[in-house]
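# A structural walkthrough
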Amino acid sequence: MSAGRKRSKNSKLISPQNRAAPAKQKQISEVTPDQVRSLAPDAASAKAGEGLVGAHHWPARGIDGNLLWGECRGSGKEPYRARIDTSTVTYKCSCPSRKFPCKHVLGLLLAYAGGAVSNVGAPAWALEWLAEREAKAERQADRATREATPTDDAAKAAAAAKRADTRERRVAGGVAECELWLRDVIRLGLAHAQTSPTTFWETRAARLVDAQCPGLASRVRTLPGIAVSGVGWEERLLAALGEIALLCTAYSRLPSLPAPLQADVRRYIGWSQTQDEIVARGFDVVTDVWTILGVRTLKDDRLTVQRTWLQGSRTGRTALVLNFAAGSAPLGELFAPGSRHRATLVYLESAAPLRAIVAERTTADGDTRLVTKRVDELAATFAEALARDPWFERSAFVIDDVVPAKSADGSWYLRDADGHTLRIARDWQAHHQLLACSGGTSVRISGEWNGRALVPLGAWADDAYVALTT
Amino acid sequence: MSVSATWTTLVQIAVVGTQRDAVRLPAAPSDFDTIGNVAPLTTEDTVLRLAGMLGVARRAGASPFGDSATPIPAAAADTLPRCSTAAASDLIYILANDIDLLPEWLLVANTTNQRIPETLLPAVFERARGRKEFRDAVTVAAGARGRWLAEQNPEWRAFAGAADDAEQQWRTGTGAARVTAFAAMRARDAAGARQLLERSWDEQGASERAEFVAAMRAHVSDDDEPFLESLLDDRSKAVRERAVTVLAYLPNSRFAERARSLVEGFVSVRGGIFGQKLDVVLPENANDAMRRDGIEAPADGSRTDRSLGGPRAWLLRQIVERVPPAHLSQTLGPRRFLDLAADAEHGSALVAGAMQAAVTYGDDAWRAACIDFLCERNDFMRWATPAGLIGAAPQPQRDALVHAIKRGRATALTFLHVVPAPWDPALSEAAADLMRTLFATAGDDTEWARRRLLLLEASRRLDVGVPGLAQGWPEPFGVERTRDAPLLFAATIEFRAGMRAHLKAER
């Protein structure tokens with residue numbers, strides 16, 4: 001029933017003998033070295049990975065179906081064992097590195113992308129890993145099936161309903177408290193809030209976490225930063241408070257909202273869904289050939305968030321796939337920017353569907369078409385999304401025929417053929433990479449637009465994708 | 001009331017707070033009638049709800065237009081074709097791992113008229129920045145796009161090609177860009193550029209002055225001598241030091257003349273035709289006049305090369321370095337002088353100083369003599385051979401070096417690294433043969449580490465056209481830590497052969 005399960009079943013049928021089928025081999029080696037480079041967590045890892053491409057570093061390596069494996073000579077006595085499932089780019093390496101992927105995985109992938117890895121049957125340690133992964137996926141799928149079975153233990157169902165009920169009551173309490181707090185902020189004035197100690201905001205955020213409203217809590221956590229963000233802070237702070245108030249009001253009137261918007265509100269408050277639940281809900285299932293418009297990875301001390309933007313070639317739909325990892329733990333499935341994949345995506349229920357999960361993916365084939373927007377169309381599309389979902393944050397677009405431009409104060413812009421300009425986000429750093437691609441002539445670029453500034457993600461120079469993230 | 005007027009009022013109210021004063025709330029714009037649906041509302045609620053709705057409306061209506069930004073003028077079209085994808089991959093590898101291979105990549109790309117792919121330009125500029133030896137080759141291989149790109153970033157200006165506007169940069173640029181501009185002006189009109197610097201000397205920043213003086217080294221001539229001489233009395237130590245290094249290229253300077261009269265007090269020829277000897281007296285210490293010319297005892301013992309004696313020998317060596325070598329050997333001739341010096345007490349300082357002088361003063365006869373001397377003595381380690389000696393050596397002396405290597409003079413290998421890459425086939429073959437022999441013998445840890453370095457260095461410079469370079473190496477060899485040397489050697493040779501093929505192959 002679930003697409004994820006289908007995949008794991010299929011791959012389990014593949015035995016080491018028939019896995020090295022030539023057709024399959026051809027399909028997957030479409031990974032390009034540039035795509036591999038874009039997977040590197042930082043410049044140092046990318047560099048180290050490049051250094052491990054040479055065959056002399058690898059006393060043994062090979063590709064066995066989708067299983068890429070290698071033993072890399074390291075400083076220790078034992079070689080490091082790297083294994084990669086090329087169909088999903090999941091990987092494991094025995095080295096102690098805290099970088100994911102580590103240099104061994106990158107080096108092996110680069111060698112593979114460069115066509116330097118030949119068909120060699122995988123050794124036991126690599127096959128075991130693959131088998132473990134498949135068994136794990138199987139177990140998860142089984143669990144999902146069991147949980148979804150109507151013959152489920154009635155007591156369990158009752159307990160779950162009770163938990164849901166408790167949470168609903170806690171959230172209602174948290175939201176009501178939050179509304180009171182918002183009134184206080186407005187009564188005392190933004191100037192007063194600005195000069196308040198950090199505990200003023202932190203206490204509120206902590207209370208919201210206790211009330212199981214993590215979404216609201218993280219919105220409150222952004223407020224002290226806005227309060228000290230310089231010229232125009234009052235407007236930005238009031239707008240942010242207004243959004244929170246709007247969310248609280250929406251929650252208290254939840255039943256009167258259309259179902260998709262209800263799902264949005266619940267998600268913004270902090271309810272989350274598991275992959276299985278999203279697949280089971282099947283709100284909006286789209287199979288298409290997806291182009292990866294770009295990948296942005298944002299890190300703080302606790303969490304790494306990876307935003308992967310996709311655009312469907314047949315449907316023209318945009319999708320956002322989020323990956324999270326605690327600390328420096330490895331991220332889940334990775335897509336190389338600029339690559340294409342045939343995949344089935346399941347959108348999360350929303351009034352302006354954007355976030356999705358990948359239910360099934362294979363390798364792409366054939367040509368793809370990109371939907372491009374002019375600057376004015378981009379603004380209109382964004383406004384439309386906001387009309388459906390007032391908390392809509394950002395989306396990715398492909399913009400054709402823009403040239404880099406600079407204003408007198410040194411800010412960067414993109415200018416389209418109509419003379420319309422888009423401001424580029426201040427903290428974006430890859431100007432010279434963009435200039436190198438463009439040469440001052442018009443290029444096609446992809447970027448993240450949040451209504452205020454554009455964060456360029458990639459450019460197409462002579463039809464080859466170049467990542468513009470730093 | 002319009003959205004923007006309502007919003008402005010709302011912000012004013014929110015900043016001071018609703019508790020202050022009688023608050024006159026703005027009416028909601030007519031489209032926002034939902035505000036009345038839920039009643040009754042407190043003042044605070046009304047403010048918050050209006051803020052929420054107007055905030056969204058403002059985000060939705062925010063115009064991305066209107067900012068006046070000027071497009072960057074476009075680059076000229078490139079006439080050179082981009083190099084192949086395989087060659088680009090090689091370049092990425094080089095930038096990440098082995099920058100010493102960059103000159104070879106650039107050389108082959110430039111001789112086959114190909115350019116660096118535009119997407120790699122920023123990475124190439126970043127790595128080649130501040131490396132003068134790469135500059136010209138990078139500028140050519142960067143193509144029109146690259147030179148245009150280099151103009152957009154002050155730190156990359158060196159790769160922008162012929163700086164037509166050097167004067168403009170000199171007047172308005174900053175830091176490194178001005179030094180580059182000055183160097184360009186020197187290349188066109190050395191005297192004019194120097195006069196410009198002299199006139200504006202007091203206006204230059206303290207940190208830039210020393211850089212300008214260093215930039216005078218190229219195209220230095222006797223015309224520059226009076227200015228450089230005056231800089232020996234400059235307040236800044238950095239300026240004085242740079243002036244000394246530049247003066248050392250002018251054999252007719254007062255600076256050289258002083259060194260020459262100074263050296264006569266310490267070195268003299270004794271005896272007749274058959275029993276000639278050099279008498280060497282070491283200076284006691286440096287006086288003020290010597291210090292003005294940069295001749296100083298080292299602050300501590302660290303800078304002195306122990307094989308060349310103590311601080312006093314160091315002083316002598318510094319004096320000799322400043323003497324144009326032709327003056328040293330007037331009656332003896334270079335070769336005879338070197339032989340006598342080698343046999344004299346404290347002679348090491350003399351030989352080392354003379355070799356350095358032969359390089360800086362660009363004396364071909366002396367350079368040739370130095371190499372002959374080194375080959376014959378088979379002792380390349382002892383004299384602290386300056387790098388420029390071999391690099392710029394005349395062809396017969398390079399041949400002599402190859403010959404020395406062929407005869408198994410192992411120490412000759414130690415300064416092979418100063419022969420510019422790529423080596424010619426004869427030298428490559430001789431060096432590889434000698435190394436194979438050398439590596440078949442036992443050694444201790446340090447010895448193996450040195451041999452490993454030597455081999456890796458050679459792997460970047462040998463002519464990869466010589467067949468069988470990667471073969472015939474004993475394996476395994478050396479101690480644990482150095483076992484990878486033949487592997488790495490073979491990998492580099494293979495990479496370079498592939499790189500040349502990728503650049504020469506059909507695109």
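This text follows the structure it describes.
No experiment lies behind these values; they were computed from the predicted model shown. (Residues numbered from 1 in each chain as written. Chains lettered and ligands numbered in written order. Predicted model: local features only at pLDDT ≥ 70, side-chain atom pairs only at ≥ 80, totals over all residues. Heavy atoms only, no water.)

### Quick notes on the interface of chain A and chain B
Contacts between the two partners involve 62 residues from chain A, matched on the other side by 53 residues from chain B. Taking both sides of the interface into account, the surface hidden between chain A and chain B amounts to around 4,800 Å²; carbon and sulfur atoms contribute 64%. Where chain A meets chain B, there are 4 salt bridges. Between D45 of chain B and R183 of chain A there is a salt bridge, with the nearest N and O atoms lying 2.8 Å from each other. (Contact = heavy atoms within 4.5 Å. Buried area = accessible area lost by both parts, 1.4 Å probe. Salt bridge = Lys/Arg side-chain N within 4 Å of Asp/Glu carboxyl O.)

### Brief notes about the sheet that holds strand β3 (residues 80-85) of chain A
Whenever strands of a sheet pair, they do so through backbone hydrogen bonds, lying parallel or antiparallel. All names here are of chain A. The sheet built from 4 strands is open, its strands ordered β1-β2-β3-β4 with antiparallel pairing. Where the open sheet ends on each side, the last strands, each with one partner, are β1 (60-64) and β4 (90-93). Pairs of neighbouring strands in the sheet enclose a mean axial angle of 10°, with direction left out of account. The pairing of strand β2 (residues 67-72) with β3 spans 6 bridges and is classified as antiparallel. Paired with G70 across the two strands is A82, which belongs to β3. Contacts from helix α6 (residues 103-113) reach β1, β2, β3 and β4 within the one sheet, and its direction differs from that of β3 by about 55°. (Pairing = 2+ DSSP bridges. Helix = DSSP H or I, 4+ residues; strand = E, 2+ residues; numbered from the N terminus. Axes fitted to C-alpha atoms, helices over the stretch in contact; angles between N-to-C directions.)

### Here we look at helix α9 (residues 175-188) of chain B
All names here are of chain B. The first and last C-alpha atoms of α9 sit 21 Å apart over 14 residues, in line with the 20 Å expected at 1.5 Å per residue. Of all the residues in α9, the buried ones are A177, R178, V179, A181, F182, M185 and R186. Looking at the packing, one finds that the buried side of α9 touches α8 (166-172), α10 (190-199) and α11 (206-215). (Expected span 1.5 Å × (residues − 1). Buried < 20%, exposed > 50% of the residue type's maximum accessible area, 1.4 Å probe, protein only.)

### Things to note about the pattern of salt bridges
For the coordinates displayed, the defined rule picks out 51 salt bridges over all chains. E168 of chain A is the salt-bridge partner of R266 of chain A, the closest N and O atoms lying 3.1 Å from each other. Here E168 of chain A lies in helix α8 (residues 154-188) and R266 of chain A lies in helix α13 (residues 259-269), a separation of 98 residues in the sequence. Across the pair E104 of chain B and R496 of chain B runs a salt bridge whose closest N-O atoms are separated by 2.6 Å. Taken together, the residues E104 of chain B in helix α4 (residues 102-111) and R496 of chain B in helix α25 (residues 485-504) connect sequence positions 392 residues apart. A single burial state applies to E104 of chain B and to R496 of chain B, both of which are buried.

### Details of the sheet that holds strand β9 (residues 356-363) of chain A
All names here are of chain A. What the 5 strands build is an open sheet, ordered β7-β6-β5-β8-β9; its pairing is antiparallel. Two strands bound the open sheet, and with one partner strand each, they are β7 (318-326) and β9. With strand direction ignored, the average angle separating the axes of adjacent strands in the sheet is 40°.

### What about helix α15 (residues 375-388) of chain A?
For α15 of chain A, built from 14 residues, the straight-helix expectation of 20 Å at 1.5 Å per residue is met to within 8% by its first-to-last C-alpha distance of 21 Å. If you check which residues of α15 of chain A are buried, you get V375, L378, A379, F382, A385 and L386 of chain A. The buried residues of α15 of chain A occupy an angular sector of 125° when the element is viewed end-on, so they sit on one face. Buried residues along α15 of chain A sit in contact with β10 (395-406), β12 (421-423) and β13 (443-449) of chain A together with α2 (43-61) of chain B. (Arc of directions from axis to C-beta.)

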